[in-house]
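Close look at the chain arrangement
This is what each chain is made of:
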Amino acid sequence: MLCPWRLEQWTPSEWEAMVVEYLEKRHVPELEAILLELDNSDSTHYALSIDVLELLDANLLLGTMVLHQPRELLPFFDAAIVALQRTLLEAHAERNMMTLKPSCHARLHRMPRSSELRKHTISSIRAADINKLIEVPGTVIRTGTVKMLQTERSYECTQCRHRFSHIYMYMY
């Protein structure tokens, strides 16, 4: 599946403006509900569900590009969600009951039915699918505990109290 556009044809601010425009048309009620949530801890993450078929219908360019270059485009969605939250907070009648949720992320669902985008089983995922957006239908039946990934470790000399750090580089 070839993409007729290139990401570089538009500036990052133009991409974010396109996303904000889409979100203003289709997702203001969901964002208002997120803003009204009472939990205000920094560790809580919120999801804004983006229907990809609806996105393609509303903005073909944006929908096509998010399917072809999700790693580059999804950060624009997250930034636009926070920007639109700020706009809603400024103008909303119930703004005193709302709090900005910086950890709100776009979650894509209902992708087009295509053999390139939809895998029927986990075993059908191949190396060619790395860095591509794919959908695998199923039901989660078991989850494991969250495992800590150590990225940096600090050491201190017991004699001179000199401190130094070691940064771990992980290749995924």
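The shown structure was predicted, so the numbers you read here are calculated from the model rather than taken from an experiment.

This part is about the packing of aromatic side chains. The way to describe two aromatic rings as a pair is by their centre distance and the angle between their planes. One pass over the structure, following the stated rule, counts two aromatic pairs. Each ring, one from Trp10 and one from Trp15, has its centre 5.3 Å from the other, and the planes form 65 degrees; the classification is edge-to-face. With a centroid separation of 5.4 Å and 25 degrees between ring planes, the pair formed by Tyr155 and Phe164 is classed as stacked. Positioned above the aromatic ring of Tyr46, the side-chain terminus of Lys101 is 5.7 Å from the ring centre.

Next up on the list: helix α4 (residues 60-68). Turn by turn, an α-helix covers 3.6 residues, leaving residues three or four places apart pointing in a common direction. Within α4, seven of the nine residues are buried, which leaves it mostly tucked inside the rest of the structure. Among the residues of α4, Leu61, Leu62, Gly63, Thr64, Met65, Val66 and Leu67 are the ones counted as buried. Those residues of α4 hidden inside the fold are in contact with α1 (12-26), α3 (52-58), α5 (70-91) and β2 (104-109).

Once that is clear, we can look at a nonpolar patch on the surface. Taken together, the side chains of Ile122, Ile125 and Val136 define a hydrophobic patch exposed on the protein surface, amounting to about 240 Å² of accessible area. You can see Ile122 is positioned in the loop between β2 and β3 (152-156).

Now for the side chain of Arg118. Its place among the elements puts Arg118 in the loop between β2 and β3. Polar side-chain contacts of Arg118 include one of 3.0 Å to the side chain of Glu135. Aside from chain neighbours lying at most four places away, what touches Arg118 is Arg113, Glu135 and Pro137.

On inspection of all chains with the given rule, the structure shows zero disulfides. Between Cys160, a cysteine without a disulfide, and Cys157, which holds the nearest cysteine sulfur, the sulfur-to-sulfur distance is 3.6 Å.

Here the focus is the confidence of the model for the protein. Across the protein, the average pLDDT comes to 90, with 97% of residues at or above 70. At the level of individual helices and strands, the protein shows its lowest average pLDDT in strand β4 (residues 163-167), which scores 87, and its highest in α3, which scores 96.

Below, the discussion takes up the side chain of Asn59. The residue Asn59 is located in the loop between α3 and α4 in this model. Note on Asn59: relative accessible area 19%, which makes it buried. Among the polar contacts made by the side chain of Asn59, one reaches the main-chain amide nitrogen of Leu61 at a distance of 3.3 Å.

Cut-off values and rules
In this numbering scheme, every chain counts its residues from 1 along its sequence in written order. Local features in this predicted model are restricted to residues of pLDDT 70 or higher, and side-chain atom pairs are both shown and tallied only at a pLDDT of 80 or more, whereas totals for entire chains, interfaces and linings draw on every residue. With hydrogens and water set aside, each side-chain value is computed from the structure's full complement of heavy atoms. Ring geometry is summarised as follows: Phe, Tyr and Trp rings, the Trp one being its six-membered ring, pair when their centres sit within 6.5 Å, and such pairs are stacked at plane angles under 30 degrees, edge-to-face over 60 and tilted between the two. Charges are assigned to positions over rings by a cutoff of 6 Å between ring centre and Lys NZ or Arg CZ, combined with an angular limit of 35 degrees from the ring normal. The buried label applies to any residue whose accessible area, calculated with a 1.4 Å probe on protein chains only, is under 20% of its type's maximum; exposed applies above 50%, and partly exposed to all values in between. Secondary structure counts use DSSP, requiring at least four H or I residues in a row for a helix and at least two E residues in a row for a strand, with both numbered from the N terminus. By definition in these notes, contact holds between two residues if any of their heavy atoms fall within 4.5 Å. Only residues whose relative accessible area exceeds 30% and that form no salt bridge enter a patch; like-charged residues are grouped when within 9 Å of one another, and nonpolar side chains (Val, Leu, Ile, Met, Phe, Trp, Tyr) when within 5 Å. Areas reported as accessible are Shrake-Rupley estimates using a 1.4 Å probe. Residue values count occlusion only from the protein chains shown. For this analysis, a salt bridge means a side-chain nitrogen from Lys or Arg found within 4 Å of a carboxyl oxygen belonging to Asp or Glu. Two N or O atoms form a polar contact when they lie within 3.5 Å of each other; inside protein one atom must be a possible hydrogen donor and the other a possible acceptor, and for residues adjacent in sequence the pair counts only when both atoms belong to side chains. The disulfide definition used here is simple: a pair of cysteine sulfur atoms within 2.5 Å. The predictor attaches a confidence to each residue, called pLDDT, with possible values from 0 through 100.

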